[in-house]
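Here is what each chain is made of, one letter per residue.
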Amino acid sequence: MVLRNLESGDDLLGDMVKAVSICGTLHSVDQYLNIKLTDISVTDPEKYPHMLSVKNCFIRGSVVRYVQLPADEVDTQLLQDAARKEALQQKQ
């Protein structure tokens, strides 16, 4: 899993099921994809003004639609190998 390869301090953008997007610095992630972020900011502060005063947050993994990572933080070779392995298993 790509998130397991991230280290504390990496920046990321999380998009939630309820249409709120939060940018922040990764503090931790667990096996359920629950994410703790520090130094957060909301991408649409006009829509969520109550989030302007929040600096740290916990995001339950079940409400995360996707997580956007910086391109230099993604091991594309690992992802390609995993996709090839899965495709071979499906053919068998």
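Residues numbered from 1 in each chain as written. Predicted model: local features only at pLDDT ≥ 70, side-chain atom pairs only at ≥ 80, totals over all residues. Heavy atoms only, no water.

A. Broad picture of the side chain of Asn34. Its location among the elements puts Asn34 in the loop between β2 (21–29) and β3 (35–42). From its side chain, Asn34 meets the backbone nitrogen of Gly61 in a polar contact 2.7 Å long. (Helix = DSSP H or I, 4+ residues; strand = E, 2+ residues; numbered from the N terminus. Polar contact = N/O pair within 3.5 Å; in protein donor to acceptor, adjacent residues only side chain to side chain.)

B. Quick peek at a negative patch on the surface. Together, Asp11, Asp39, Asp72 and Glu73 make up a region of like negative charge exposed at the surface. The residue Asp72 is located in the loop between β5 (64–68) and α2 (76–91) in this model. We classify Asp72 as exposed; its relative accessible area is 67%. (Patch = residues over 30% accessible without salt bridge, like charges linked within 9 Å, V, L, I, M, F, W, Y side chains within 5 Å. Areas by Shrake-Rupley, 256 points an atom, 1.4 Å probe, with all protein chains shown as cover. Salt bridge = Lys/Arg side-chain N within 4 Å of Asp/Glu carboxyl O. Lys, Arg positive; Asp, Glu negative; His and termini not counted. Charge placed at Lys NZ, Arg CZ, Asp CG, Glu CD. Buried < 20%, exposed > 50% of the residue type's maximum accessible area, 1.4 Å probe, protein only.)

C. Expanded view of the sheet that holds β2. One open sheet holds the five strands; their spatial order is β4-β3-β2-β1-β5, and the pairing between them is antiparallel. The open sheet has two edge strands with one neighbour each: β4 (56–59) and β5. With direction set aside, neighbouring strand axes in the sheet form an average angle of 40°. Sheet topology note: the β2/β3 ladder contains six bridges and is antiparallel. Directly across from Leu26, in β3, lies its bridge partner Leu37. (Pairing = 2+ DSSP bridges. Axes fitted to C-alpha atoms, helices over the stretch in contact; angles between N-to-C directions.)

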